[in-house]
Amino acid sequence: VIAAAFDQQGKRIGYVANRAHHAEIGGMAPGSMPAAARCLTEEGVVIQSMKFVEAGFSRMDRVERLLREGPYPSRRPEENLADLEAQAAAVNHGVLALEQLAGSSGGEFVRDRLKSILDRSALLMGELLKGFEGLDSVRDTALDDGTPIAVRLTVTGGRLRIDFTGSGEVHPRNLNATPAIIRSVVLFVIRLWLDADVPLNEGLLEPVEIVLPTGFLNPEFPDDPTRCPAVVGGNVETS
């Protein structure tokens, strides 16, 4: 759940987000993590990005219809809606706090401080990479079912290239990941490697290029969810 925050001049400061785990969103089996799923629809209700609060008015009825319809509807729609309302309340609290900070310190000050976190992180990562100039390292592993994960790390000109070419094709079950999952994993590893007192943030990836050929780490997702690969195992096992 995401919302924008604005300063007193109406200029956007940034976004506040709440990412929560919903234990039940439909699918072939209770708990929405069926091991036998072969497509996204079988893992639960598929919801495109949408506004469920618009101009101050709740459009939760749209979400409720999605949760109750489809081939594998949610078994706990009331719980889903309550959780979403809690997420929205958390986001609203964050937006209010950010806007109050901008009100007391100024929107430009807050934006500058947020940007400074990104800039400092990119600088620290660049300094770390200077000590690994010329690195060229290849590693590979495999999932329990033999699906390969291959990666090549190269450092050139103070930039790190992480190339997953050679990893497995689209998985027939639910072990497919997504670029967002891969990016998240890489960011986490880089943060540990850097070993500096900085918050987890995208600035660490500024000097990093991630190469993801089409496959189970970067499958294609058509508009039809019945033709999209299953992914829930990619979020827990593959990552």
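Just so you know, these numbers come straight off a predicted model, no measurement behind them.

Reading guide: rules and limits
- Residues numbered from 1 in each chain as written.
- Predicted model: local features only at pLDDT ≥ 70, side-chain atom pairs only at ≥ 80, totals over all residues.
- Heavy atoms only, no water.
- Helix = DSSP H or I, 4+ residues; strand = E, 2+ residues; numbered from the N terminus.
- Expected span 1.5 Å × (residues − 1).
- Buried < 20%, exposed > 50% of the residue type's maximum accessible area, 1.4 Å probe, protein only.
- Contact = heavy atoms within 4.5 Å.
- Pairing = 2+ DSSP bridges.
- Salt bridge = Lys/Arg side-chain N within 4 Å of Asp/Glu carboxyl O.
- Patch = residues over 30% accessible without salt bridge, like charges linked within 9 Å, V, L, I, M, F, W, Y side chains within 5 Å.
- Areas by Shrake-Rupley, 256 points an atom, 1.4 Å probe, with all protein chains shown as cover.
- Polar contact = N/O pair within 3.5 Å; in protein donor to acceptor, adjacent residues only side chain to side chain.
- Axes fitted to C-alpha atoms, helices over the stretch in contact; angles between N-to-C directions.
- Core = buried A, V, L, I, M, F, W, Y, C linked by side-chain atoms within 4.5 Å.
- Nonpolar A, V, L, I, M, F, W, Y, C, P; charged D, E, K, R; others polar.

### So, helix α4 (residues 179-194)
Phase 1 of the analysis: For α4, built from 16 residues, the straight-helix expectation of 22 Å at 1.5 Å per residue is met to within 8% by its first-to-last C-alpha distance of 22 Å.
Phase 2 of the analysis: Taken residue by residue, α4 has Ile181, Ile182, Val186, Leu187, Ile190 and Leu194 as its buried positions.
Phase 3 of the analysis: Turning to α4, the residues buried within the fold contact α3 (107-130), β7 (159-163), β8 (208-211) and α5 (232-238).
Phase 4 of the analysis: The first or second residue beyond α4 is aspartate 195, which carries a positive phi of 55°.

### Side note on the pairing of strand β1 (residues 2-6)
Phase 1 of the analysis: Direction of pairing for β1 relative to strand β2 (residues 12-17): antiparallel, over a ladder of 5 bridges. By the bridge assignment for β2, alanine 3 is matched with valine 16.
Phase 2 of the analysis: Between β1 and β2, which pair antiparallel and follow one another directly, the connecting turn spans 5 residues, one of which, glycine 10, has a positive phi of 80°.

### A short note on unusual backbone geometry
Residues other than glycine predominantly adopt negative phi, and peptide bonds predominantly adopt the trans conformation.
Phase 1 of the analysis: Phi is positive for alanine 55, which is not a glycine, with a value near 55°.
Phase 2 of the analysis: By the secondary structure assignment, alanine 55 is in the loop between β3 (53-54) and β4 (57-58).
Phase 3 of the analysis: A relative accessible area of 72% means that alanine 55 is categorised as exposed.
Phase 4 of the analysis: Although it is not a glycine, aspartate 195 sits at a positive phi angle of roughly 55°.

### Topic: the pattern of salt bridges
Phase 1 of the analysis: Summed over all chains, the structure comprises 16 salt bridges.
Phase 2 of the analysis: Among the ionic pairs, arginine 161 bridges to aspartate 163, the shortest N-O distance being 3.4 Å.
Phase 3 of the analysis: Exposure remark for arginine 161: the relative accessible area of 34% places this residue in the partly exposed category.
Phase 4 of the analysis: You can call aspartate 163 buried: its relative accessible area is 13%.
Phase 5 of the analysis: Between glutamate 202 and arginine 183 there is a salt bridge, and its shortest N-O distance comes to 2.7 Å.

### Let's talk about a nonpolar patch on the surface
Phase 1 of the analysis: A cluster of nonpolar residues, Ile47, Met50 and Leu66, forms a patch on the protein surface that exposes about 210 Å² of accessible area.
Phase 2 of the analysis: Considering the arrangement of structural elements, one finds methionine 50 in the loop between β2 and β3.

### Observations concerning the pairing of strand β6 (residues 148-156)
Phase 1 of the analysis: Two strands pair when backbone bridges link them, and strand β5 (residues 136-142) and β6 are joined in this way by 7 bridges, in the antiparallel orientation. By the bridge assignment, aspartate 136 is partnered in β6 with threonine 154.
Phase 2 of the analysis: As paired strands, β6 and β7 are joined by 5 bridges and run antiparallel to one another. Residue pairing across strands places leucine 153 opposite isoleucine 162, the latter belonging to β7.
Phase 3 of the analysis: Where β6 folds back on β7, the antiparallel hairpin that results is connected by 2 residues, among which glycine 157 adopts a positive phi of roughly 60°.

### Remarks on the side chain of aspartate 163
Phase 1 of the analysis: Its place among the elements puts aspartate 163 in strand β7.
Phase 2 of the analysis: There is a polar contact of 3.4 Å between the side chain of aspartate 163 and the side chain of arginine 161.
Phase 3 of the analysis: Sequence-distant contacts of aspartate 163, that is, excluding residues within four places in its chain, are made with Ala150, Val151, Arg152 and Val211.

### Examining the sheet that holds β7
Phase 1 of the analysis: Taken together, 4 strands build an open sheet; the order of strands is β5-β6-β7-β8 and the sheet is mixed. Both edges of this open sheet fall to β5 and β8, since each of them pairs with a single strand only. Within this sheet the neighbouring strands show an average axis-to-axis angle of 15°, counted without direction.
Phase 2 of the analysis: Strands β7 and β8 of the sheet are contacted by α4, whose axis makes an angle of about 140° with β8.

### Looking at the nonpolar core
As a rule of thumb, nonpolar side chains are buried together in soluble globular proteins.
Phase 1 of the analysis: Core analysis: the largest hydrophobic core is formed by 25 residues, its most contacted members being Ile162, Phe164, Ile182, Val186, Ile190 and Leu217.
Phase 2 of the analysis: The greatest single-element share of this core, amounting to 6 residues, is contributed by α4.
Phase 3 of the analysis: Non-local contacts of isoleucine 162, meaning those with residues more than four positions away in its chain, are made with Val151, Arg152, Leu153, Val186, Val208, Glu209, Ile210 and Val211.
Phase 4 of the analysis: Within the second largest apolar cluster, 8 residues are counted, among which are Ala5, Val91, Leu98 and Val110.

### Considering the packing of helix α2 (residues 77-105) against α3
Helix packing geometry: the angle between the two helix axes and the distance between the axes.
Phase 1 of the analysis: For the pair α2 and α3, the least separation of the axes is 6 Å and the interaxial angle reads 115°. Each of Leu98, Leu101, Ala102 and Ser105 in α2 lies in contact with α3, whose residues at this interface are Gly107, Phe109 and Val110.
Phase 2 of the analysis: Among the residues making up the contact of α2 with α3, the classes are represented as 5 nonpolar, 2 polar and no charged.

In short, geometric facts, not functional conclusions.
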